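Fold and geometry: a report
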Amino acid sequence: MDAMLENSVFSCFVFYSILLILKMYTMAVITGQVRLRKKAFANPEDAERHGGAQFCRTDPYVERCRRAHLNDLENILPFFFLGAIYSMTGPSLVIAQAHFLIFFLGRIIHSAAYLFALKPPTRSLAYTIAQVPCISMAIQILLTVGF
Amino acid sequence: MDAMLENSVFSCFVFYSILLILKMYTMAVITGQVRLRKKAFANPEDAERHGGAQFCRTDPYVERCRRAHLNDLENILPFFFLGAIYSMTGPSLVIAQAHFLIFFLGRIIHSAAYLFALKPPTRSLAYTIAQVPCISMAIQILLTVGF
Amino acid sequence: MDAMLENSVFSCFVFYSILLILKMYTMAVITGQVRLRKKAFANPEDAERHGGAQFCRTDPYVERCRRAHLNDLENILPFFFLGAIYSMTGPSLVIAQAHFLIFFLGRIIHSAAYLFALKPPTRSLAYTIAQVPCISMAIQILLTVGF
């Protein structure tokens, strides 16, 4: 199995994927910290522990963090599948690196645009740019498996 | 690594998986289009850009699209794992194809039933039918790794 | 491909992963049962079928089940990627088993703590303990691919 990690395209893919997983984990930590700071908890037992039942409430910024995180699940998790299979299709290293890097940067900018409420269409542009390599990989995989 | 894509079962699995990823991406596009048409945005900055703060609001059909998309995440993403591992257990091609095709059709019908609010129990039936090959694959994998 | 499943670390990882997929499916079943019992449906067509439009409503316990399920998506799905790649880095079997088992137990306790509203910080402690092997695997993978 080690042979897979010695493949340059696959190990490049793995590198960016792990960074994106750490980025997603960071979203969860940020959401938790905002809940504590804003005193806005989803569960009564958490609210009770941090001051009282009145703190079981929604907060606009907590909801923003949650939307950013959910958008990651919708886009980054399918990338793990696409990138792994795409790496098996024998792409050139430079082109593959471009795919992974564009996706990675697009998703980092997407999260920043979400969390800092940057002026539209920054966030949707970052989302769209990150989708381009995904659609490209999807097409290349379909061509390889004989669509 | 190319050897994996030359395996008929695995490439059949990859084919349906990529179609399902494109289907999930379509859910996101539909949600975005409905937000624009209904003028119902989740973020104040998006509402401001499209007419004013009053359009930062929820809409029943946007919420329906979001639920359909979330249900995909809950079911299609685990299928990517199950299908990949199941392909490694050496199933017969015809039986494997039946597993993947039933899941694929079940999920397509599930999305259609959700988006068009088809008469119950169409949607829950499609969900249940799509779960059958998943449970079957899970059991066969557990038997292979020596449960 | 069968060779991967004969690798002890990988098959141990697959074993716990399949159990966690079955656990996630159980969350969906529980949510559905609670919706029926509490008569709290997300879709008007479901409410109509089960007594009338007034049952298209939210319920605190249904929302709790949904949060527990979403937390699984945020944490268990990335584990499938991390565990698979980590298995390729050639870890010792005992250490790898410890990683997988700690994650597995942490997530089981997390779900129990969520569904039974156990006294804080049980749930967040279970979440944190389950994250430890994930961060450990992420670091070991980055070291292997030459961070």
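Under an unreviewed UniProt entry, the name given to chain A is Prostaglandin E synthase, and the organism recorded is Hemibagrus guttatus. Under the UniProt heading Sequence similarities (unreviewed entry), the note attached to chain A is "Belongs to the MAPEG family."

What follows concerns the interface of chain A and chain B. With 34 residues of chain A in contact, the opposing surface of chain B contributes 29 residues. For the pair chain A and chain B, the summed buried area comes to about 2,600 Å², and 74% of that belongs to carbon and sulfur atoms. In this structure, D46(B) and R123(A) form a salt bridge, with 2.9 Å as the shortest nitrogen-oxygen distance. At the junction of chain A with chain B, the criterion picks out 5 residue pairs in polar contact (both at pLDDT 80 or more). Mapped by element, the contributors of at least two residues to the side of chain A that touches chain B are α4 (60–87) and α6 (122–144) of chain A. Take the side of chain A that touches chain B: its biggest share by element is 12 residues, from α4(A). Split by residue class, the side of chain A that touches chain B holds 23 nonpolar, 7 polar and 4 charged.

Between chain A and chain C, the contact holds 29 residues from the first and 34 residues from the second. Carbon and sulfur atoms supply 74% of the area that chain A and chain C bury against each other, a total of about 2,600 Å² over both sides. Linking chain A with chain C are 3 salt bridges, by the criterion used here. A salt bridge links R64(C) to E45(A); its shortest N-O distance comes to 2.8 Å.

Moving on to the side chain of E45(C). With respect to the secondary-structure elements, E45(C) resides in helix α3 (residues 44–49). Among the residues examined, E45(C) registers a relative accessible area of 12% and is labelled buried. Among the polar contacts made by the side chain of E45(C), one reaches the side chain of R64(B) at a distance of 2.8 Å. Excluding residues that lie within four positions of it along the chain, E45(C) makes contacts with R64(B), A117(B), L118(B), P120(B) and R123(B).

Take unusual backbone geometry next. All names here are of chain A. At the junction of P120 and P121, the peptide bond is cis and its omega measures out at 5 degrees in the coordinates. One can find P121 in the loop between α5 (93–115) and α6. The backbone of K39 shows a phi angle near 50 degrees, a positive value even though the residue is not glycine. In this fold, K39 is placed in the loop between α2 (8–38) and α3 (44–49).

So, about the packing of α4(A) against helix α4 (residues 60–87) of chain C. Where α4(A) meets α4(C), the closest approach of the two axes is 11 Å, and the angle between their N-to-C directions is 30 degrees. As far as their axial angle goes, α4(C) and α4(A) are roughly parallel. Taken as a pair, α4(A) and α4(C) cross one another with a handedness that is left-handed. Of the residues in α4(C), those in contact with R66(A), H69(A), L70(A), L73(A), L77(A) and F80(A) of α4(A) are L70(C), L73(C), E74(C), L77(C), P78(C) and F81(C). Considering only residue class, the contact of α4(A) with α4(C) consists of 9 nonpolar, 1 polar and 2 charged.

As a further point, take the nonpolar core. One finds F100(A), F100(B) and F100(C) to be the most contacted residues of the largest nonpolar core, which totals 108 residues. With 12 residues, helix α4 (residues 60–88) of chain B is the largest single contributor of residues to this core. Contact partners of F100(C), with chain neighbours within four places excluded, come to V9(C), C12(C), F13(C), Y16(C), F79(C), G83(C), Y86(C), S87(C) and M137(C).

Take empty space enclosed by the protein next. Counted by the stated rule, this structure contains 2 cavities of 30 Å³ or more. Counted as a void, the largest cavity has a volume near 500 Å³. Residue lining of the largest cavity: 25 residues in total, with F81(A), A84(A), F81(B), A84(B) and F81(C) positioned closest to the centre. Elements that contribute at least two residues to the lining of the largest cavity include exactly α4 of chain A, α2 (8–38) and α4 of chain B together with α4 of chain C. Volume-wise, the second largest cavity comes out at about 40 Å³.

Take the side chain of N71(B) next. Residue and element names in this part refer to chain B. Relative to the assigned elements, N71 resides in helix α4. By relative accessible area, which is 15% here, N71 ends up buried. In this structure the side chain of N71 is engaged in a polar contact, spanning 2.8 Å, whose partner is the side chain of R107. In contact with N71, not counting residues within four places along its chain, are R107, H110 and Y127.

What counts, and at which threshold
- The numbering scheme is per chain: residues are counted from 1 as the chain's sequence reads.
- Here chains are named by letter from A upward and ligands by number from 1 upward, in the order in which they appear as written.
- Given that the model is predicted, a residue must reach a pLDDT of at least 70 before its local features are reported, and side-chain atom pairs must reach 80 or more before they are shown or counted; all residues, however, enter totals for whole chains, interfaces and linings.
- The basis for every side-chain value is the complete set of non-hydrogen atoms in the structure, without hydrogens or water.
- UniProt positions are given in the numbering used here, feature names are shortened, and annotations may be inferred rather than shown by experiment.
- Residue contacts are defined here by distance: any two heavy atoms, one from each residue, within 4.5 Å place the two residues in contact.
- Accessible area, probed at 1.4 Å, shrinks when two parts are joined; the buried area is that loss added up over both.
- By definition here, a salt bridge exists when the distance from a side-chain nitrogen of Lys or Arg to a carboxyl oxygen of Asp or Glu is within 4 Å.
- Here a polar contact is recorded for every N or O atom pair within 3.5 Å, except that within protein the pair must consist of a potential hydrogen donor and a potential acceptor, and residues adjacent in sequence are included only if both atoms are side-chain atoms.
- Helix and strand assignments come from DSSP, with helices taken as H or I runs of at least 4 residues and strands as E runs of at least 2, each series counted from the N terminus.
- Residue polarity follows a fixed list, in which Ala, Val, Leu, Ile, Met, Phe, Trp, Tyr, Cys and Pro are nonpolar, Asp, Glu, Lys and Arg are charged, and the others, Gly among them, are polar.
- Each residue is assigned to one of three classes by its accessible area relative to the maximum for its type, calculated with a 1.4 Å probe on protein chains only: buried under 20%, partly exposed between the two thresholds, exposed over 50%.
- Helix axes are fitted only over the stretch in contact, all axes being lines through C-alpha atoms; the angle between N-to-C directions runs from 0 to 180 degrees.
- We call two directions roughly parallel when the angle between them is under 35 degrees, roughly antiparallel when it is over 145, roughly perpendicular when it lies between 65 and 115, and oblique otherwise.
- In this scheme the crossing of two helices becomes right-handed for a clockwise turn of the near helix relative to the far one and left-handed for an anticlockwise turn of less than a right angle.
- The term nonpolar core refers to a set of buried residues drawn from Ala, Val, Leu, Ile, Met, Phe, Trp, Tyr and Cys, joined through side-chain atoms within 4.5 Å.
- Put plainly, a pocket is an open set of points on a 1 Å grid over the protein atoms alone with protein on both sides within 12 Å along at least five of seven lines, a cavity is a set where a 1.4 Å probe fits but cannot get out, and a lining residue has an atom within 4 Å of a point.
- Grid points are joined across faces, edges and corners, and a volume is the space filled by probe spheres set on the points.

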